[in-house]
Amino acid sequence: MGLLRWGALLSFICILQLVSAKEPALPECKFPAVFAFGDSLTDTGNSIAAFPDQFANAELDPNGVEFPTHAADRYTDGKLLLDFLAFGVRLNPIYPVLRGTGGDFTSGTNFAAYGAPARSVKVWRADAGFSSPFSLDVQQQWFERYKVRVWFYESPIFNPKGRIWQSLPKLATLNESLFLVWSGYQDYFSGLYDKTLTPKQTLKIVPDVVEAIETHLTKMVTPVSYTPPASETLIMPTASTILVVNLPPLGCIPAMLTLYGGPHAKYDSHGCLSDLNKITREHNKLLAKKVDDLRAKHPDVKLLYGDAHSVYTDILKDPKKYNVTSPLKACCGVGGAYNFNKEVTCGHTGMLENKFVNLTVAPPCPNPAAHMSWDGIHTSNTFNKAAVTAFLMGEHITPKGGLNCSPDFSHWDLRT
Ligand SMILES: *[C@@H]1O[C@H](CO)[C@@H](O)[C@H](O)[C@H]1NC(C)=O
Ligand SMILES: *[C@@H]1O[C@H](CO)[C@@H](O)[C@H](O)[C@H]1NC(C)=O
Ligand SMILES: *[C@@H]1O[C@H](CO)[C@@H](O)[C@H](O)[C@H]1NC(C)=O
């Protein structure tokens, strides 16, 4: 090739670069593994592994009906926020740590549990609805023990490195993994749902809930030493990239609108309940402050604050932009203005006003993607995807820029 032609080629490449410089491409999202803590907004099967009867419907239609290879053990129509996060950074599904049969932990591990509050569970009753004893402090203990087990399978004691070692992430990459903490929803929701706390009383638990999350975050970044038998003391690796997600507005959730709405209730411009929204606003404000404080205390840790609340309200402001036509109505539910009735909830059958209702049919509404709430309680695939897209691409997240990478949700999807 002559010099002239090289020159032409070079200037052509320059022009190409100028054109693409207009929209600088974000780098690929990449992490060796993802780990998660939280409640039913994040659990992929811990609580059903522990209590198969209590949470039986998590693996039955229509829950997870849009998830590839369902039964999915997920309380949503398709994918959870955690799923989008994992697939977005080009990993496989994040298995629950309690999955004894056929768990593949190479992409990370999920410690979240349906019904798990942020605040420590001191007394637990098995018949207490959708609650579980696996609060954040227990999940933290699972995580510490998990590290010890991973170390054990990597250590020369356990030689040769075999099948178990292959199904685990490497201890040395833990500090480069992505950690999700999305907790607190259960604390507020369950008391209001069971009417054991009034909205006013619920507002008073905010400092305790946020403190529990703060304690958990502190433990995640604090090195713990471990002395194995007949070996030197080890310092276990800690989390260095953590995404803490705040809570969507409680007063816009169909179950809450159904239970607390009415002629005496105060509504905001989106048709949500002002008193309940106050609780989540207070939670989010305090959580943001605590995360700021922790960031100052641990400058070596990348602490990200994902604003799920503002993603939710953005969709409420302009639902059409997200193809949402029923922002305040559940997809899987029955009756009333919000398609929700506590007597027969998603995944169950029952009698309502002498009529048989069957909410195990899939899909339970003509277009699940048009809803922000799946079952009146849990966020939908549509919302979860919008939130993670924003977080990965640097919107609705602090510090600004967020994870600053381009997601590829098609990375893992057996159905498409
Ligand atoms: C993570 O830990 C490994 C092994 O201890 C170390 O080589 C690596 O530099 C650490 N990475 C970060 C981002 O701290
Ligand atoms: C909304 O629907 C249109 C038409 O089907 C599609 O092109 C667009 O990507 C959708 N938007 C979102 C946010 O899903
Ligand atoms: C509810 O509907 C599903 C799907 O059509 C059906 O398989 C199931 O038998 C029905 N349940 C009852 C109790 O009729």
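Residues numbered from 1 in each chain as written. Chains lettered and ligands numbered in written order. Predicted model: local features only at pLDDT ≥ 70, side-chain atom pairs only at ≥ 80, totals over all residues. Heavy atoms only, no water.

- As annotated in an unreviewed UniProt entry, the protein carries the name GDSL esterase/lipase and is attributed to Ceratodon purpureus.

## Things to note about the site of ligand 1
Piece 1. All residues in the neighbourhood of ligand 1 are listed as Ala 172, Asn 175 and Glu 176.
Piece 2. Within the side chain of Asn 175, a nitrogen or oxygen atom sits 2.3 Å from an oxygen atom of ligand 1.
Piece 3. Within the contact set of ligand 1, a nitrogen atom lies 2.8 Å away from a side-chain nitrogen or oxygen of Glu 176.
Piece 4. Burial of ligand 1 by the protein chains amounts to 32% of its free accessible area of 360 Å². (Near = heavy atom within 4 Å. Polar contact = N/O pair within 3.5 Å; in protein donor to acceptor, adjacent residues only side chain to side chain. Areas by Shrake-Rupley, 256 points an atom, 1.4 Å probe, with all protein chains shown as cover.)

## Quick word on the pairing of strand 1 (residues 34-38)
Piece 1. Burial within strand 1 is extensive, with five of its five residues counted as buried.
Piece 2. Across the two faces of strand 1 the burial is the same, with Val 34, Ala 36 and Gly 38 and Phe 35 and Phe 37 all buried.
Piece 3. In this sheet, strand 2 (residues 108-110) lies alongside strand 1 in parallel orientation, the contact comprising three bridges. Within the sheet, the bridge partner assigned to Ala 36 lies in strand 2 and is Asn 110.
Piece 4. The pairing of strand 1 with strand 3 (residues 178-182) spans five bridges and is classified as parallel. (Buried < 20%, exposed > 50% of the residue type's maximum accessible area, 1.4 Å probe, protein only. Helix = DSSP H or I, 4+ residues; strand = E, 2+ residues; numbered from the N terminus. Pairing = 2+ DSSP bridges.)

## Here we look at the sheet that holds strand 7 (residues 302-306)
Piece 1. With mixed pairing, the six strands of this open sheet are ordered in space as 2-1-3-6-7-12. Taken across any chain shown, the strands that pair with only one partner, and hence form the sheet edges, are strand 2 and strand 12 (397-398).
Piece 2. Those strands touched by helix 4 (residues 136-154) are strand 1, strand 2 and strand 3, and its axis lies near 155 degrees from that of strand 1. (Contact = heavy atoms within 4.5 Å. Axes fitted to C-alpha atoms, helices over the stretch in contact; angles between N-to-C directions.)

## A look at the packing of aromatic side chains
Piece 1. This model, assessed by the stated rule, comprises 22 aromatic pairs.
Piece 2. Between the aromatic rings of Phe 134 and Trp 142, the centroid separation amounts to 5.0 Å while the plane-to-plane angle is 50 degrees, which identifies the pairing as tilted. Just as Phe 134 is buried, Trp 142 falls in that class too.
Piece 3. Ring geometry for Phe 189 versus Tyr 193: centroids 5.4 Å apart, planes at 25 degrees, classification stacked. Of this pair, Phe 189 and Tyr 193 both sit in helix 6 (residues 185-193), four residues apart, roughly one helical turn. Here Phe 189 and Tyr 193 have matching classes, each one buried.
Piece 4. Ring pairing ties together the aromatic residues Phe 35, Phe 37, Phe 111, Phe 143, Tyr 146 and Phe 179, which thus form one cluster.
Piece 5. Directly above the ring of Phe 67 sits Arg 74, whose terminal nitrogen or CZ lies 4.0 Å from the centroid. (Phe/Tyr/Trp six-rings, centres within 6.5 Å; stacked < 30°, edge-to-face > 60°. Lys NZ or Arg CZ within 6 Å of the ring centre and 35° of its normal.)

## Notes on the packing of helix 11 (residues 308-317) against helix 12 (residues 381-393)
Piece 1. It is the contact of helix 11 with helix 12, at a shortest axis distance of 10 Å, that shows an interaxial angle of 120 degrees. Classified by the angle their axes make, helix 11 and helix 12 are oblique. Our pair here, helix 11 against helix 12, has a crossing hand that is right-handed. Contact residues: Ala 308, Val 311, Tyr 312 and Ile 315 in helix 11; Phe 383, Ala 386, Ala 387, Ala 390 and Phe 391 in helix 12.
Piece 2. When the residues that make up the contact of helix 11 with helix 12 are grouped by side-chain class, the tally is nine nonpolar, no polar and no charged. (Parallel < 35°, antiparallel > 145°, perpendicular 65-115°, else oblique. Left-handed = near helix turned anticlockwise from the far one by under 90°. Nonpolar A, V, L, I, M, F, W, Y, C, P; charged D, E, K, R; others polar.)

## Brief notes about the state of the cysteines
Piece 1. Throughout the structure, instances matching the rule amount to four disulfides.
Piece 2. For Cys 252, the disulfide goes to Cys 272, at an S-S distance of 2.2 Å. Here Cys 252 and Cys 272 share a disulfide; its torsion about the S-S bond, 110 degrees, makes the bridge right-handed. Taken together, the positions of Cys 252 in the loop between strand 6 (241-245) and helix 9 (254-260) and Cys 272 in the loop between helix 9 and helix 10 (274-297) put the pair 20 residues apart, joining distant regions of the chain.
Piece 3. Cys 252 sits in the buried class, given a relative accessible area of 1%.
Piece 4. Look at Cys 272 and you get buried, because its relative accessible area is 0%.
Piece 5. Each sulfur of the disulfide joining Cys 331 and Cys 365 lies 2.1 Å from the other. (Disulfide = S-S within 2.5 Å.)

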